[in-house]
Amino acid sequence: MKSPASVFVFLALFASTVTSQAIAADLSDRQVSTYSETILFGVPQEAEAALDKLVERGEPDIIPTLVLASRYRSLGGDITAAMSKLAGQPIGGWKDAMLWQEAHPEVVPHDSYRDLKLEVFRRIDPNFMQFLGGERAQRNNLDIRLEEITWGGVPVDGIPSLDDPKLISVSQATYLLDDDLVFGVEINGDVRAYPLRIMGWHEMFNETIGGVPVALAYCTLCGAGILFETGVEGRDTPLIFGSSGFLYRSNKLMFDRQTNSLWNQFTGEPVSGPLRQSGLKLKIRPVTITSWANWMANHPETKVLSVETGHRRDYGSGVVYNDYFTSPELMFPTIVRDETTVRRKDYVFGIRDFGAAKAWPVEAFNKRRIINDSIGGRNIVLIGDALTRTVRAFERDDQVFTETSGEAAIKGPDGDWTMTEDALIGPDGARLARIAGHVSYWFAWDGYLGIDSELYTDKTDPT
């Protein structure tokens, strides 16, 4: 049994704790805002004192502000300790904090968070405000969480797009090596090649190919080069795109230069700005990744991107992002889900069509060149080469295709079919249309579409 004196001491300490918690809980929104601003922009001693006040307050709505501070402030381990205490679990630093934040969408930031985050962005590059300034960054004006929009390390147009770039002939393209990979495009007989060693520095081109306005949006971080049609219903001129300098879940956010709306590069949909909730979704066009030698052999009339881009970059083979491409790790944090079948940076070929989504590991084409499969109840055939990351998909009706001699031919029940960039052509002239798809890292495909997407494995192979 405790003595009366010890009971008195215990009660006094308990009362003191309750009182301090009550005081902390009674912090006004203005005080929370002031302390938050001090943590981000104040001198270290004052920032540490402000941090203590907000930890005593004990509310998780301040964690997003601390996530922001964990990237841009150096306060020893105080910020990570504060986040860990408020989150109720260990958080090791900014990357861990971003993963925790992505996993907890139920945590709504304090009202002060928006203005503070915009001030951080404004100090990095005032031009960021054209995307998120004013009412644009209000929670109800965004289709993605402001907390998950992060700076990619460059200002607006720090990765400059190539708009109607200079093209040269095959004979002039002496800078290319046979095994250099290119994005190959053919529209209405107009054939183009865009080497990845150049596009890695620019991540976007705006072109008209075969009379069709298009943009190739290449997210180096998620390994996805997606060709979009940029002429959209209701607009007199095609949209022109650039790189905003922002990322969302390790995926670039592009923007259109007409309205400064931010777009999800992976889905081709606007997520903020005047075009948000417009119903726009850019149409995906077929694009092929293959070696320069293969593309040139099959398309000797192709035009190819010149190294004379108007920008000073090292366009050497294997230079751009080489360390990232050869590493199994991500540069920016995002949750990676199931890696039991494919790893985060394994390449997959994905199709979103016929009301469904499905991905095929590019490595599957090491075992076979041709895969007969289906998506959304539609039978398709895929022809691939894992070495050059090349996959083309076509409708196949009820036919089953097998291999035959020659890279541009496959065997059907009635003979050899010829593969072109827009169709399979049968011996009697019948045509089976090509289906648009694209290559990406697994983490990106799964992170955006995994819940609704199928994944091909040998066990699911219908043949």
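In this text the structure is predicted, and so the values were computed from the model without any measurement.

Criteria and cut-off values
Residues numbered from 1 in each chain as written. Predicted model: local features only at pLDDT ≥ 70, side-chain atom pairs only at ≥ 80, totals over all residues. Heavy atoms only, no water. Buried < 20%, exposed > 50% of the residue type's maximum accessible area, 1.4 Å probe, protein only. Helix = DSSP H or I, 4+ residues; strand = E, 2+ residues; numbered from the N terminus. Contact = heavy atoms within 4.5 Å. Pairing = 2+ DSSP bridges. Patch = residues over 30% accessible without salt bridge, like charges linked within 9 Å, V, L, I, M, F, W, Y side chains within 5 Å. Areas by Shrake-Rupley, 256 points an atom, 1.4 Å probe, with all protein chains shown as cover. Salt bridge = Lys/Arg side-chain N within 4 Å of Asp/Glu carboxyl O. Lys, Arg positive; Asp, Glu negative; His and termini not counted. Charge placed at Lys NZ, Arg CZ, Asp CG, Glu CD. 1 Å grid on protein atoms, 1.4 Å probe; cavity = no way out; pocket = protein on both sides within 12 Å on 5 of 7 lines; lining within 4 Å. Points joined across faces, edges and corners; volume = space filled by probe spheres on them. Nonpolar A, V, L, I, M, F, W, Y, C, P; charged D, E, K, R; others polar. Core = buried A, V, L, I, M, F, W, Y, C linked by side-chain atoms within 4.5 Å. Axes fitted to C-alpha atoms, helices over the stretch in contact; angles between N-to-C directions. pLDDT = per-residue confidence, 0-100.

A. Representation of helix α4 (residues 63-72) within the structure. Of all 10 residues in α4, 8 are buried; the element is thus mostly enclosed. Of all the positions in α4, only Ile63, Pro64, Thr65, Leu66, Val67, Leu68, Ala69 and Ser70 are classed as buried. Buried residues belonging to α4 abut α2 (29-41), α3 (44-57), α5 (78-87), α6 (94-103) and α7 (113-124).

B. Spotlight on unusual backbone geometry. The phi angle at Glu203 is positive, at roughly 60 degrees, despite the residue not being glycine. Relative to the assigned elements, Glu203 resides in the loop between α9 (196-202) and β6 (204-209). Judged by relative accessible area, which is 4%, Glu203 ranks as buried. Even without being a glycine, Asp397 presents a positive backbone phi close to 55 degrees.

C. Highlighting the sheet that holds strand β3 (residues 167-168). In spatial order, the strands read β3-β15-β5-β4-β14; together these 5 strands make up an open sheet with mixed pairing. With partners counted over all chains shown, the strands left at the sheet margins are β3 and β14 (288-291), one partner each. As paired elements, β3 and strand β15 (residues 303-305) share 2 bridges and run antiparallel to each other. When the sheet's bridge partners are listed, Ile168 is paired in β15 with Val304.

D. Highlighting a negative patch on the surface. A grouping of Glu48, Asp52, Glu56 and Asp78 is seen on the molecular surface, where their side chains present a negatively charged patch. Topologically, Asp52 is positioned in helix α3. Since its relative accessible area comes to 47%, Asp52 is described here as partly exposed.

E. The arrangement of the environment of Gly437 in detail. By the element assignment, Gly437 lies in the loop between β25 (431-435) and β26 (438-441). A residue is classified by how much of its surface remains accessible, and Gly437, at 5% relative accessible area, is buried. Separated by 334 residues in the primary sequence, Gly437 and Ala103 have C-alpha atoms spaced 29 Å apart. Leave out the neighbours within four places in its chain, and Gly437 touches Val287, Phe349, Gly350 and Ile351.

F. A look at the layout of surface pockets. Its volume calculated, the largest pocket comes out at about 370 Å³. Leu181, Leu196, Gly318, Phe325 and Arg389 are the residues nearest the centre of the largest pocket, which is lined by 16 residues in total. Taken together, the elements giving at least two residues each to the lining of the largest pocket come down to α9 and α11 (322-325). One number sums up the size of the second largest pocket: a volume of about 300 Å³. Looking at the second largest pocket, it is lined by 17 residues, and the ones nearest its centre are Asn298, Thr390, Arg392, Glu407 and Met419. If you list the elements that add at least two residues to the lining of the second largest pocket, you get α10 (292-298), β19 (378-385) and β20 (390-395). Each residue belonging to the lining of the second largest pocket can be placed in one class, and the counts come to 4 nonpolar, 8 polar and 5 charged.

G. Structural context of empty space enclosed by the protein. Using the criterion set out here, one finds 4 cavities of 30 Å³ or more in the structure. Roughly 80 Å³ of volume is contained in the largest cavity. Looking at the largest cavity, it is lined by 15 residues, and the ones nearest its centre are Leu68, Tyr72, Trp94, Lys117 and Thr150. Elements with a contribution of two residues or more to the lining of the largest cavity: α4, α6, α7 and β1 (149-151). Counting residues per element, the lining of the largest cavity draws most heavily on α4, which supplies 5 residues. Here the lining of the largest cavity is composed, by residue class, of 10 nonpolar, 2 polar and 3 charged. Lining the second largest cavity are Phe183, Gly225, Val287, Thr288, Ile289, Phe349, Arg389, Val391, Gly437, His438 and Val439. Here the residues of the lining of the second largest cavity are counted per class, giving 6 nonpolar, 4 polar and 1 charged.

H. Structural view of the nonpolar core. Judged by nonpolar contacts, the single largest core of 81 residues is most densely connected at Leu66, Leu132 and Phe246. Counting residues in each nonpolar core, the second largest holds 47 residues, with Val185, Val287, Leu305 and Phe365 among its members.

I. Layout of the sheet that holds strand β9 (residues 241-248). What the 5 strands build is an open sheet, ordered β1-β9-β10-β11-β12; its pairing is antiparallel. Strand pairing shows two members of the sheet lacking a second neighbour, β1 and β12 (269-272), which therefore form its edges. Pairs of neighbouring strands in the sheet enclose a mean axial angle of 50 degrees, with direction left out of account. As defined by bridge partners, strand β10 (residues 252-256) adjoins strand β11 (residues 262-264) across 3 bridges and the pair is classed as antiparallel. Paired with Leu253 across the two strands is Asn264, which belongs to β11.

J. Seen up close, the side chain of Thr38. Along the polypeptide, Thr38 turns up in helix α2. If near-sequence neighbours (up to four positions away) are discounted, Thr38 is found in contact with Glu46, Ala47, Ala50 and Arg73.

K. Up close: the confidence of the model for the protein. Confidence along the protein averages 92 in pLDDT terms, with 93% of residues attaining 70 or more. The low-confidence segment residues 1-24 (pLDDT under 50) makes 3 contacts with residues lying over four places distant or belonging to another chain.

L. The pairing of β25, seen in detail. Pairing analysis gives 2 bridges linking β20 to β25, with the strands arranged antiparallel. Following the sheet pairing, Phe394 is matched in β25 by Arg434. Two elements, strand β24 (residues 423-425) and β25, share 3 bridges in a ladder whose sense is antiparallel. Bridge pairing in β25 links Leu424 to Leu432.

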